[in-house]
Amino acid sequence: MKKISPIIFLTAILMTSFMQEVISQSEEDIRKNYLKQLIRLQEKPSSHDGFVSYYDSTWLDWIERTGELPPNFEKLPSLPFLPDPLISGEGINNIAITNMGQWETQREYLKKQVKHIFSGTFPDPPDNLGYSILDEKSSDGMTIQMIELRFGKDKAAKLTIELFTPPGNGPFPVFMTQWNHRGWAQIAAKRGYMGLVYAGADSKDDTRDYLALFPDYDWTTLMTRAWGAHRAVDYLYTLDHVEKSQIAITGHSRNAKQSILAAAFDNRITAIISSSGGTGGEIPYRYNDEQYSNESIDFLVSRRTHWLHPRLRYYSGREHKLPIDQNSLMALIAPNSLMLSSSIREGGGGDPWAIEQNYISLTKVYSFLNAEDKLGIRLRDGEHGVSERDIEAFMDWLDIQFKRNDFNWENKLFYNYTFEKWKIESKEKLDTSDFSGTQESRVLLNKPIDIENFDRIKVEIKDKINWLLGEEPAGVPASPIAILSNREDYVSSYINRPTVKSGKKENIAPYNAIGDYLYGSLYYPTDSHGEKVTGPKGNMPVVIFLHKFSNTGYDASLNFLLESFLSQGVAVLTMDLIGYGARIEEGTNFYKRYPKWSKLGKMVRDTRGAVDALESLDFIDKDNIFVAGYALGGTVGLFTAAIEPRITGVAVASAFTPLRMASEHIEGLKAYSHLHGLIPKLGLFEGNELQIPVDFTEIMASIVPRPLLVITPTLDRHADFDQVETSIGEVKKIYELFREPKKLNFENPIGFNHFTRDQQELMINWVKDAMRE
């Protein structure tokens, strides 16, 4: 073997070291540059608490002190769907977990990730728990004690608990909750449970001092409160009259968040009910950005700066790069009993679809552990707060779990669609090779197109859009709208609908309805006397604005948009899309009723019905009926305008990404076929995406030469920006063919998936400029 010169060997080592340093420096630069961008895009903190950790007042203070940088997201695997707790190394090795040894290893991995990203680290249990009874009294045979626990160095840490013990010798099951939920424990006590209320809540929080008493840990407020709950369990374990296999914890809103952490890190808590925990509770982070109308990471951590770890903020807008999610955290609770509960129409953080996605993921874990009956879900109606009827239902479920009663229980899902179930019900089969010749209808022909042959192609495109949307049943047109009404769907009484000051709202409502008996709200400009403000022709232009993936449908998040349109003399018609707002229940059995149609097809039909309704109103300018929308609403708007020539123009934001060439970091066609069940037929093209008969390029081309505004943020994680840009470039060729290049506007603000004020103002001004004279 030839010997290597020592000089050459040393040079090689030095060069290797140098290259590693260069690579390392390059890596650091990437992370530093992303941090600068993220800081520019973040919301300004508005928390009244004024701290992020024990050592830091703000997130920027924490960054400066720790020197931490965000990950290089390009090197992390993309997991656009919920991570599977039963897959190890997902996105890299993808090893299926099939035995308990693997599961225990996975549990330790999940705990480590939770501590790193969500909760921070925390101390081991103390070994010096002491207690003193501060007060004791009796009421109707119930013993009520106020107790102070002491532990830690010099027993400086404390936790105050109030304990309700029923008459008798026990052993009793235990219902634990936080200080401000004392009324919940009252009901539990009547049901024969010991009620334990601990001081880990905003109204009384002994755990706040733990940050200073245990300064070596980077834990958060929610984790200190969860750790405090563990100390309450320590005390329960000293009592002979406690049934130690039946200790439950509950919490509502932020208390639900901490209860999940408590149960995940202490298996002595054998049951948990998480009530309306929202983001950081029952809702996964992947489904919390603005298009879902939930509290985003950005929104949450800028206002509740100390609840969760500052590191979580790095994943704002990059939620698909999180190695875990809330389903991963909740998987740590299994096989102990877990129930997810919220309201189906709770605004700003109670999205039932997102909660059900979490539940469905967890069913796989509970099934793996042979504990299917220990996982529950209860989605009520109403607003954020709960009442006695809800707590009694919680107790029913706990009685079932603890085998104290045999109540009937149904884990009812409102979004019960699955692609596999649709395939069975629809009996739809497809040979994608039949679509191998669809290239000539794709606009992107790489050969000259003239107006004459494009008109032929456009007819073909519309046929393919209608095929994709499914077989719409034959129907009867609605009667013209005779009058506007003040009548509301009763569900709207507890949905925070938009309100305007500079105009008036009237409803299109039964018995004068949109399309197939749908309610809608028309907001229009008025003068100082409350009279309609019309244009020079004696009528007013109108925008049909279609909402995002919002469980509350068209809600108060539209206030600014509506006020601004009205100030420009433009009326706005809004309505709930099927499966949202007042129409959640209507969407549940859609595919049982119409197995050959699609939800997006129904949304398009309803939007066309809105055009019919507007055209029947004599004060509406029929030459200026626009459609606009954000996220889901934008998608519906594009599809509708492609097949409805009466629509004057379209303005959309964060509405699409091309599907044929979708990359692995986005949901792609599965967003339509698997996640939301909007267009099930698209799922038949999985693995053969190039054969999809019609994509957004053709859909937008079908709108030519009418005005079109497309807003796509550059960092929208739900879109392939480069593909969107390419698609727009192809559509521009068609506008140029018709000599109308200025009627296509493509805006790409630097940012994540947010429908910002700037974007809304851009849309409003664009519509005003695009109107026909």
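The structure we're discussing is the one just above.
Residues numbered from 1 in each chain as written. Predicted model: local features only at pLDDT ≥ 70, side-chain atom pairs only at ≥ 80, totals over all residues. Heavy atoms only, no water.

### A look at the environment of Ala256
One can find Ala256 in helix α7 (residues 254-264). Expressed as a C-alpha distance, the spacing of Ala256 and Leu222, which sit 34 residues apart in the sequence, is 9.7 Å. In this view, Ala256 contacts Gly251, Ser274, Ser275, Gly277 and Glu282; residues no more than four positions away in its chain are not counted. (Helix = DSSP H or I, 4+ residues; strand = E, 2+ residues; numbered from the N terminus. Contact = heavy atoms within 4.5 Å.)

### Quick notes on the sheet that holds strand β14 (residues 503-508)
Pairing is mixed across the open sheet formed by 8 strands, whose spatial order is β14-β15-β17-β16-β18-β19-β20-β21. Edge positions in the sheet fall to β14 and β21 (744-747), since each of these pairs with one other strand and no more. Recorded for the sheet is a direction-independent mean angle of 15° between the axes of neighbouring strands. With 4 bridges connecting them, strand β16 (residues 540-546) and strand β17 (residues 571-574) associate as parallel partners. Counterpart to Phe545 in the pairing with β17 is Thr574. (Pairing = 2+ DSSP bridges. Axes fitted to C-alpha atoms, helices over the stretch in contact; angles between N-to-C directions.)

### Some details on the packing of aromatic side chains
Scanning all chains against the criterion turns up 43 aromatic pairs. Look at Tyr54 and Tyr55: their rings are 4.9 Å apart centre to centre, the planes differ by 70°, and that puts the pair in the edge-to-face class. When its relative accessible area of 43% is taken as the criterion, Tyr54 is described as partly exposed. Here Tyr55 falls in the partly exposed class, since its relative accessible area comes to 47%. (Phe/Tyr/Trp six-rings, centres within 6.5 Å; stacked < 30°, edge-to-face > 60°. Buried < 20%, exposed > 50% of the residue type's maximum accessible area, 1.4 Å probe, protein only.)

### Brief notes about the packing of helix α4 (residues 182-190) against helix α11 (residues 388-401)
Their axes nearest at 10 Å, the elements α4 and α11 cross at an angle of 50°. One way to sum up the angle between α4 and α11 is to call them oblique. As α4 runs across α11, the sense of the crossing is right-handed. In this structure, α4 uses Trp184, Ile187 and Ala188 to contact α11, whose residues at the interface are Glu388, Ile391, Glu392, Phe394 and Met395. A class-by-class count of the residues in the contact of α4 with α11 yields 6 nonpolar, no polar and 2 charged. (Parallel < 35°, antiparallel > 145°, perpendicular 65-115°, else oblique. Left-handed = near helix turned anticlockwise from the far one by under 90°. Nonpolar A, V, L, I, M, F, W, Y, C, P; charged D, E, K, R; others polar.)

### Quick notes on the sheet that holds strand β13 (residues 375-380)
Taken in spatial order, the 9 strands of this open sheet run β3-β4-β5-β7-β6-β10-β11-β12-β13, and their pairing is mixed. Only two strands of the sheet have a single neighbouring strand rather than two, namely β3 (130-139) and β13. Across the sheet, the mean angle separating the axes of adjacent strands is 15° when strand polarity is ignored. Across 5 bridges, strand β6 (residues 172-178) lies against strand β7 (residues 194-198) in parallel orientation. From the neighbouring strand, Phe175 faces β7, where its bridge partner is Gly195. Packed onto the sheet, α4 meets β4 (142-151), β5 (157-165), β6, β7, β10 (242-252) and β11 (271-275) and runs at close to 170° relative to β6. This element, α7, spans β6, β7, β10 and β11 of the sheet and lies at about 145° to β10.

### Let's talk about the pairing of β17
In β17, alternate side chains face the same way, and those of Ala571 and Leu573 on one face and Val572 and Thr574 on the other are all buried. Looking at chain direction, strand β15 (residues 520-525) and β17 are connected through 3 bridges and run antiparallel. Bridge pairing links Tyr523 to Val572 in β17. Each parallel crossover has a hand, and for β16 linked through helix α14 (residues 559-567) to β17 it is right-handed. (Right-handed = clockwise from strand over helix to strand, strands pointing away.)

### What about the side chain of Gln258?
Counting through the fold element by element, Gln258 comes out in helix α7. Exposure remark for Gln258: the relative accessible area of 0% places this residue in the buried category. Once residues within four sequence positions are removed from consideration, Gln258 is found in contact with Gln178, Tyr198, Gly200, Leu222, Arg225 and Ala226.

### Thoughts on the packing of helix α6 (residues 221-236) against α7
Their axes nearest at 8 Å, the elements α6 and α7 cross at an angle of 60°. Considering the angle they form, α6 stands oblique to α7. Taken as a pair, α6 and α7 cross one another with a handedness that is right-handed. For the pair α6 and α7, contact is made by Leu222, Met223, Arg225, Ala226, Ala229 and His230 and by Arg254, Asn255, Lys257, Gln258, Leu261 and Ala262, respectively. Looking at side-chain class alone, the contact of α6 with α7 contains 6 nonpolar, 3 polar and 3 charged residues.

### Observations concerning the nonpolar core
By size, the foremost hydrophobic cluster in this structure holds 208 residues, and its most contacted members are Met176, Leu522, Phe545 and Leu638. Here the element with the most residues in this core is α6; it accounts for 9 residues. Not counting the four nearest positions on each side in its chain, Phe545 is found in contact with Leu558, Leu561, Val572, Leu573, Thr574, Ala628, Gly629, Tyr630, Phe755 and Met763. Membership of the second largest hydrophobic core comes to 21 residues, among which are Ile144, Tyr193, Ile391 and Phe402. (Core = buried A, V, L, I, M, F, W, Y, C linked by side-chain atoms within 4.5 Å.)

### Looking at α14
What α14 keeps buried is the set Leu561, Leu562, Ser564, Phe565 and Leu566. Next to the buried residues of α14 lie β14, β15, β16, β17 and α22 (757-770). Within two residues after α14, Gly569 carries a phi angle of roughly 80°, on the positive side.

Purely geometric stuff here, so don't read any function into it on its own.
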